[in-house]
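Structural characterization, general
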Amino acid sequence: MIKPFDKPITAARPALPPLEEFRRGLEGIWDRAWLTNNGLLVEQFRDSLIEFCGTKNLSLFVNGTLALQIALQGMGITGDVITTPYTFVATTHALFWNKIRPVFVDIEPEYYSLDPAQVEAAITPWTSAILAVHVYGQPCRLMELEQIARKHGLKLLYDAAHAFGVKVDGTSIAQFGDLSMFSFHATKVFHSIEGGMLTFRDPEYRRLFDYLKNFGFENETEVVMPGTNAKMNEFQALMGLLLLKRMDEMIEKRRAINERYRERLALIPGIHLVSQPADTVRYNYAYMPVEVDEKELGLTRDQLYLKLREYNVLARRYFYPLVTDYACYRGLVANGNLPVARQLAACILTLPIYSDLALDDVDRICDIIQHIQSEAVRGAVVVNESQQTELEVAVPVTQS
Ligand code: T4K
């Protein structure tokens, strides 16, 4: 019997700078008594990000969801947008908040992003844009999507919430498409507590986004458009500045964790690893997804998820259910033919990964999975039925 962890090992856990550095930053904020509305630290953070991403066309926001909503509004996107059902629900919410109709198409099975052939087949005269997601930080089929977008005169937007720090052929992922949105939420590889960033090709968008995130104010007496409030504050920028310095170190730690998981999990029947990133990609190891093969493992994905909880390993099922199956979208959206996404959502499990996760703990998580698998094939795993019923009620099984 393997001992459960004393404390929960969560799927994500925020990186934190040394407290003393944050305290020193707070003293500066106190001295200036300037907390938000484009303060000194937000400006400094923006400058550092310009250098990091290699583009001046960059705007900061209070969170990624509002950044994406503002992007869609500012770019004047209307009608239909082709997008993925395999994502966090905020991607779709941003479309609905702009009264845009999402047209869901299936994903490709290698890196789980939009399948370019399906995108092209779904284009109609009402299509105005493609909104693709770099799921788990793995780049989408960038060149193919770009070609399709140019050929049909569509805008190409990326929800790059997971992809900060990723490079393709040495170029920051922030420089692809017409626009990318990054989330700096606490659970991400890099964060500013909450936070969001847009990077874009057209420099004109900068002014527009500045208006939209600050009530549309031109000056004290002039409001030029009905904006909202989506400004990043000084505390967020302080956290971001302190963590940006540690980006290489944080990615390196994640790389080692990912490598250890891959070595160990490759030996466990029923646990299938996601494809390695292409050689041209500098990956950020944002998540640790695995596909659970019920027959080989002897347990369903949900049974494994519940068993792991008994050991205090709080894996998550990102992204189950599909967005199209949430109560607020069921029946509202054309559900489409989504076999790859549906199959994936049914078997995906994301294991704990964060830069401070000890390699010994990774080993122990793998030992636990190995142990659960051996017991399952012996028929010795008892799944607590009340827990399972609870799970099924909370999350309805998706229809095929
Ligand atoms: N597009 C995509 C593709 C996204 O994935 C997201 C966000 C967005 C857009 C929107 O960006 P933001 O508006 O959030 O900037 C979490 C995050 O809240 C969310 O940002 C993220 N995606 C999503 C994938 O995950 P939840 O509801 O699953 O979070 P929660 O509270 O269950 O936390 C996850 C794990 O992290 C838990 O095991 C606990 C741990 N945790 C969490 C927090 C907040 C900590 O250890 N410390 C913490 O401070 O959504």
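Everything that follows concerns the structure shown earlier in this document.
Everything quoted here is computed from the prediction, not taken from an experiment. (Residues numbered from 1 in each chain as written. Predicted model: local features only at pLDDT ≥ 70, side-chain atom pairs only at ≥ 80, totals over all residues. Heavy atoms only, no water.)

**Observations regarding a nonpolar patch on the surface**
As a reminder, the rule being used: Patches here: salt-bridge-free residues with over 30% relative accessible area, like charges joined within 9 Å, nonpolar side chains (Val, Leu, Ile, Met, Phe, Trp, Tyr) joined within 5 Å. Accessible surface is estimated by sampling points in the Shrake-Rupley manner with a 1.4 Å probe; for residues, cover comes only from the protein chains shown. Take a side-chain nitrogen of Lys or Arg and a carboxyl oxygen of Asp or Glu: if they are within 4 Å of each other, that pair is a salt bridge. Under the scheme used here, helices are H or I runs from DSSP no shorter than 4 residues and strands are E runs no shorter than 2 residues, and both carry numbers assigned from the N terminus.
A cluster of nonpolar side chains, F215, F217 and V223, forms an exposed patch at the surface whose accessible area comes to about 260 Å². Relative to the helices and strands, V223 resides in strand β12 (residues 222-223).

**Focus on the nonpolar core**
Formally: The set of buried Ala, Val, Leu, Ile, Met, Phe, Trp, Tyr and Cys residues whose side-chain atoms join them within 4.5 Å is what this entry labels a nonpolar core. Working definition: with a 1.4 Å probe on protein chains only, accessible area under 20% of the residue-type maximum means buried, over 50% means exposed, and in between means partly exposed. Contact criterion: two residues are considered in contact whenever any of their non-hydrogen atoms come within 4.5 Å of each other.
Counting residues in each nonpolar core, the largest one holds 76 residues, and the members touching the most others are Y86, F164 and F184. Here this core takes 7 residues from helix α8 (residues 234-244), the largest share from any one element. Among residues more than four places away in sequence, those in contact with F164 are L49, F52, C53, F182, F184, F190, M197, L244, M247 and N284. In this structure, V313, I353, I369 and I372 belong to the second largest nonpolar core, which totals 32 residues.

**A look at the site of the ligand**
Let me state the cut-off plainly: One heavy atom within 4 Å of a molecule or strand is enough for the residue carrying it to be called near that molecule or strand. Residues adjacent in sequence count toward polar contacts only when both atoms are side-chain atoms; beyond that, a polar contact is any pair of N or O atoms within 3.5 Å, and within protein one must be able to donate a hydrogen and the other to accept it.
As a structural note, the neighbourhood of the ligand is formed by 25 residues, with T65, D159, H162, R316 and Y318 the closest of them. Taking H162, its side chain carries an N or O atom lying 2.7 Å from an oxygen atom of the ligand. Take S183: an N or O atom from its side chain is 2.7 Å from an oxygen atom of the ligand. Compared with its free state, where it exposes 920 Å², the ligand has 74% of that area covered by protein. Elements represented by at least two residues in the shell around the ligand include exactly α3 (64-74), α4 (90-97) and β9 (179-183).

**Considerations on the sheet that holds strand β14 (residues 281-282)**
As a reminder of what qualifies: Any two strands with at least two DSSP bridges between them are considered paired.
The sheet built from 3 strands is open, its strands ordered β8-β7-β14 with antiparallel pairing. Either end of the sheet is taken by a strand with one partner, and the two such strands are β8 (171-172) and β14. Note: strand β7 (residues 167-168) against β8, 2 bridges, orientation antiparallel. Looking across to β8, one finds that K167 is bridged to S172.

**Topic: the pairing of β9**
Across the 5 residues of β9, 5 count as buried, placing the element largely inside the fold. Both faces of β9 are covered, namely the face carrying L179, M181 and S183 and the face carrying S180 and F182. Of the pairings in the sheet, the one linking strand β6 (residues 155-159) to β9 comprises 3 bridges and is parallel in character. From the neighbouring strand, Y158 faces β9, where its bridge partner is S180. In this structure, β9 lies alongside strand β10 (residues 196-200), joined through 5 bridges in antiparallel fashion. Its bridge partner lying in β10, F182 is registered against M197.

**Focus: the pattern of salt bridges**
Taken as a whole and judged by the stated rule, the model has 27 salt bridges. Among the ionic pairs, R246 bridges to E21, the shortest N-O distance being 2.8 Å. One end of the pair, R246, is in the loop between α8 and α9 (247-265); the other, E21, is in helix α1 (residues 19-32), and 225 residues separate them in sequence. The exposure classification of R246 matches that of E21, with both residues buried. A salt bridge links D302 to R301, with the shortest nitrogen-to-oxygen separation between them at 2.6 Å. Grouping residues by exposure puts D302 and R301 together as buried. A cluster of three or more residues bridged by salt bridges with shared partners is formed by E146, R150, D178 and R201.

**Observations concerning the environment of I82**
Within the secondary structure, I82 sits in strand β3 (residues 80-83). In this structure the C-alpha to C-alpha distance between I82 and W126, which are 44 residues apart in sequence, comes to 10 Å. If we ignore the near neighbours within four places in the chain, the residues touching I82 are V103, V105, L114, V119, A122, I123, T127, A129, I130 and L131.

**Some details on the packing of aromatic side chains**
Defined as follows: Side-chain rings of Phe, Tyr and Trp (the six-membered ring for Trp) are treated as a pair once their centres are within 6.5 Å; stacked means planes under 30 degrees apart, edge-to-face means over 60, and tilted covers the remaining angles.
Across all of its chains, the model carries 22 aromatic pairs by this definition. Considering the side-chain rings of Y112 and Y136, the 5.9 Å spacing of their centres and the 80 degrees angle between planes classify their relative orientation as edge-to-face. Placement of the pair is Y112 in the loop between β4 (101-104) and α5 (116-121) and Y136 in the loop between β5 (127-133) and α6 (142-152), with a sequence separation of 24 residues. Each member of the pair, Y112 as well as Y136, is classed as buried. Measuring from centroid to centroid gives 6.1 Å for F215 and F217, while their planes differ by 70 degrees, and the two rings are edge-to-face. Given a relative accessible area of 37%, F217 falls into the partly exposed group.

**Some words on empty space enclosed by the protein**
Gaps left between atoms show up when a probe the size of a water molecule is rolled over them. Here is the rule: A pocket, in this scheme, is an open set of points on a 1 Å grid over the protein atoms alone with protein on both sides within 12 Å along at least 5 of 7 lines, while a cavity is a set where a 1.4 Å probe fits but cannot get out; residues line either one if an atom lies within 4 Å of a point. Grid points are joined across faces, edges and corners, and a volume is the space filled by probe spheres set on the points. When residues are grouped by polarity, Ala, Val, Leu, Ile, Met, Phe, Trp, Tyr, Cys and Pro land in nonpolar, Asp, Glu, Lys and Arg in charged, and all others, Gly among them, in polar.
Tallied over the entire structure, the rule returns 4 cavities of 30 Å³ or more. In this model, the largest cavity occupies a volume close to 110 Å³. In terms of lining, the largest cavity is formed by 15 residues, of which the most central are Q138, R262, V274, Y283 and P289. Contributions of two or more residues to the lining of the largest cavity are made by α9 and β15 (288-292). Reported here for the second largest cavity is a volume of approximately 60 Å³. Taken together, A11, A12, T187, R254, A286, Y287, M288, Y318, T350, L351 and I353 make up the lining of the second largest cavity. Its residues placed into classes, the lining of the second largest cavity shows 8 nonpolar, 2 polar and 1 charged.

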